Structure formats: C-alpha cells, structure tokens
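# Coordinate inspection notes
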Amino acid sequence: MKTVLTVAGSDCSGGAGIQADIKTIAAHGVYAMSAITALTAQNTTGVRAVMDVTPEFLRQQLDCIFTDIRPDAVKIGMVSNANLICVIADALREYDAPNVVLDPVMVSTSGSRLLKEDAQDAMAKRLLPLADLITPNIPEAQALSGITVNTREDMERAGRLLAKRYGCAVLVKGGHQKEEANDFLFKDKTGRWFYGKRIDSKNTHGTGCTLSSAIACNLAKGRGLADSIEMAKRYLAGALASGLDLGQGSGPLDHGFANSQTEFYSD
C-alpha cells in the first residue's frame, strides 16, 4: 500500500487540516500518516484559537515517521511559525522526502489568518524551494509573488514568477474567481490550464487541504503531475457536489462521497 504523510494543523471540527487530509487520503485507498503542527479551536464559522506544538515535538513526530513507515508523498499544510517551518525543511532535506506538495495556507476559508507575518519569509526561503509542487490560491499567489492577481493573465504571470523564483511546479488555483474554477499549472517552462465547473455551494471549508492531499495521493501512486491534478480536481468536484450541509458557516465537504466508486483511487 502506498503511503502519504500530511504535515499540518488539526481542525477539531473535522473539515480542514489534518482531518480533511486523512479523510481524503483514505478515500484514495492510501495509508495516511500525520505530523501535527498545531491544535486549532475552530468550526465552520471561524478560528477561535491556535496552539502550536513545540519545534522539538514536531521533529520527534517527523523522525518517528520517516525512520519507520517512509512516505511515498508528503503534503504540507498549515505551519504558523518560522521555527516549525525550519524543522520541516531540515527533515525534508535529511530524509530526501519524495513528492512534496505544499499548500501555503495563510488564511482560513472563514478569513482568519493562520500564518504569522514572520513565518512567510521563512516559508519562502526554507520550505518553498524544497517542494515539488506548491498550490497557492489567488490571495496566496498575490502574497508570495508580490503582484496583483485578478485575471487569467495575472494567474499565468504569477505561476511563471513563482516557478522561476522557487524552482518548483506551481498550481495557481482559481477558486476565488466568481464565475470560474480553473487552475493554472506552470512546470518546466510550460503552462497548462485545468478547467473545472464552478459548483454553487457555500460549503467550501477545507477545499485547499483536500485538493493538495488528493494530488499527493496520486503522485504517491506513481501518476504524473498533470494526471494527478486532473484526478484530484475531479475528486474535489465530487466532494463539493455531494451537497453535504453541516454547520452554521462555510461547511465541510463530503470526503467519503466516492466510497462506493473506484475511479478516483483504484490502482
């Protein structure tokens, strides 16, 4: 069985973070492991509190995983401070981690900031250059690139700029656009658009976590990057379209909608 490690924060409401990642990984028939960077008190209406783990404890989690059940892919999500970012970067280098998918989580769906200001610089310098793929949404692409991203041309420009700056593939996600759900991939000096139908739903809590974890699962199985993204978008669309409606705010996805199907996760 293939294995995926998720390094992210815990969401006690189950819709995003570690919980969303594990549900997604399990839905793809892959063995999930986790290294928790923070505990959060949150629900569909917002984030109330964040408690980071210590750098020493995060390192112990990573050492335990890499020295026993080596992951075939690594997904990195919420990491809120610079010290934790440095610990993750050191571990990725030491263990030569494969198929690193980094979702640069900066702000939650509800609008709460999840990345401390001083951590953004550490992420840019230490972590992004170690990723095989980064998956910023439009606000994150703006923050990382320093340019305004409104149009398709802006997304392409940001993707090219970030790929050149950090030496990795970049998937700029267009979910924040009002009428489209199209994403732009830039890899090896080549751009490609992935088109998706916008699904009318207010329940989008954890969409970024879910997409990046699904991509990591497909990479772990040996699929190419383009196919991994295409299949991950299909899975995300299904999880959104299932129509799960929980909570008083932006609710979670139905990660298990495909349990009776095989097209998303069969080898």
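The rules behind each value
Residues numbered from 1 in each chain as written. Predicted model: local features only at pLDDT ≥ 70, side-chain atom pairs only at ≥ 80, totals over all residues. Heavy atoms only, no water. Salt bridge = Lys/Arg side-chain N within 4 Å of Asp/Glu carboxyl O. Helix = DSSP H or I, 4+ residues; strand = E, 2+ residues; numbered from the N terminus. Buried < 20%, exposed > 50% of the residue type's maximum accessible area, 1.4 Å probe, protein only. Contact = heavy atoms within 4.5 Å. Pairing = 2+ DSSP bridges. Axes fitted to C-alpha atoms, helices over the stretch in contact; angles between N-to-C directions. Disulfide = S-S within 2.5 Å. Expected span 1.5 Å × (residues − 1). Phe/Tyr/Trp six-rings, centres within 6.5 Å; stacked < 30°, edge-to-face > 60°. Lys NZ or Arg CZ within 6 Å of the ring centre and 35° of its normal. Parallel < 35°, antiparallel > 145°, perpendicular 65-115°, else oblique. Nonpolar A, V, L, I, M, F, W, Y, C, P; charged D, E, K, R; others polar.

### With respect to the pattern of salt bridges
- The final tally for this structure, using the stated rule, is nine salt bridges.
- We note a salt bridge from Arg 59 to Asp 63, for which the minimum N-O separation is 2.9 Å. Here Arg 59 and its partner Asp 63 are both found in helix H2 (residues 55-66), four residues apart, which amounts to about one turn of the helix.
- Salt-bridge contacts for Lys 233 lead to Asp 183; the nearest nitrogen and oxygen are separated by 3.0 Å. Placement of the pair is Lys 233 in helix H8 (residues 225-241) and Asp 183 in strand S8 (residues 183-187), with a sequence separation of 50 residues.
- What makes Lys 233 buried here is its relative accessible area of 13%.

### A word on the environment of Ile 85
- Along the chain, the position of Ile 85 falls in helix H3 (residues 82-94).
- The exposure class of Ile 85 is buried, given its relative accessible area of 0%.
- Considering only alpha carbons, one finds Ile 85 and Lys 187, 102 residues apart in sequence, at a separation of 24 Å.
- Apart from the residues within four sequence positions on either side, Ile 85 is in contact with Val 79, Ala 119, Ala 122, Met 123, Arg 126 and Leu 127.

### Focus: the sheet that holds strand S3 (residues 46-52)
- Reading across the sheet, the nine strands line up as S3-S2-S1-S4-S5-S6-S7-S8-S9 and stay open at both edges, with mixed pairing between neighbours. Pairing within the sheet leaves two strands with one partner each, and these edge strands are S3 and strand S9 (190-194).
- Sheet topology places strand S1 (residues 3-11) next to strand S2 (residues 31-43); nine bridges connect them, and they run parallel. Across the sheet, residue Asp 11 finds its bridge partner in S2, namely Thr 40.
- Running over the sheet, helix H6 (residues 152-166) touches strand S7 (169-172), S8 and S9 and is turned about 30 degrees from S8.

### Structural notes on the side chain of Asn 203
- Mapping Asn 203 onto the fold places it in the loop between S9 and helix H7 (207-220).
- Setting aside chain neighbours within four positions, we find Asn 203 in contact with Leu 240, Leu 244, Asp 245, Leu 246, Gly 249, Ser 250, Gly 251, Pro 252 and Leu 253.

### Considerations on helix H1 (residues 17-27)
- Those residues of H1 that sit buried are Gly 17, Ile 18, Ala 20, Asp 21, Thr 24, Ile 25 and Ala 27.
- On its buried face, H1 is in contact with S1, S2, strand S4 (73-76), H7 and H8.

### Re the pairing of S3
- By the bridge criterion, six bridges tie S2 to S3 in an arrangement that is antiparallel. Bridged to Ala 38 within S3 is Asp 52.

### Here's the deal with the state of the cysteines
- By the definition in use, this model includes zero disulfides.
- Summary of cysteine pairing: Cys 86 is not part of a disulfide, and the nearest cysteine sulfur, belonging to Cys 168, is at 18 Å.

### Focus: H7
- With 14 residues, H7 extends 20 Å from end C-alpha to end C-alpha; this agrees with the ideal 20 Å at 1.5 Å per step.
- Here H7 lies mainly inside the structure; 13 of its 14 residues are buried.
- Gly 222 occupies a position one or two residues after H7 and carries a positive phi of about 95 degrees.

### A short note on the packing of aromatic side chains
- Taken as a whole and judged by the stated rule, the model has five aromatic pairs.
- When the centroid spacing of 6.4 Å and the interplanar angle of 20 degrees are considered together, the rings of Trp 193 and Tyr 195 count as stacked.
- Trp 193 gets classed as buried once you look at its relative accessible area, which sits at 13%.
- Its relative accessible area of 53% is what places Tyr 195 among the exposed residues.
- Over the ring of Trp 193 we find Arg 152; its NZ or CZ atom is 4.2 Å from the centre of that ring.

### Re the packing of H3 against helix H4 (residues 117-127)
- It is at 8 Å that the axes of H3 and H4 come closest, and there the two elements cross at 10 degrees. The angle between the axes of H3 and H4 places the two elements in the roughly parallel class. Seen from H3, the contacting residues are Ala 82, Ile 85, Cys 86, Ile 88, Ala 89, Asp 90 and Leu 92; seen from H4, they are Asp 118, Ala 119, Ala 122, Met 123, Arg 126 and Leu 127.
- Residue composition of the contact of H3 with H4, grouped by class: ten nonpolar, no polar and three charged.

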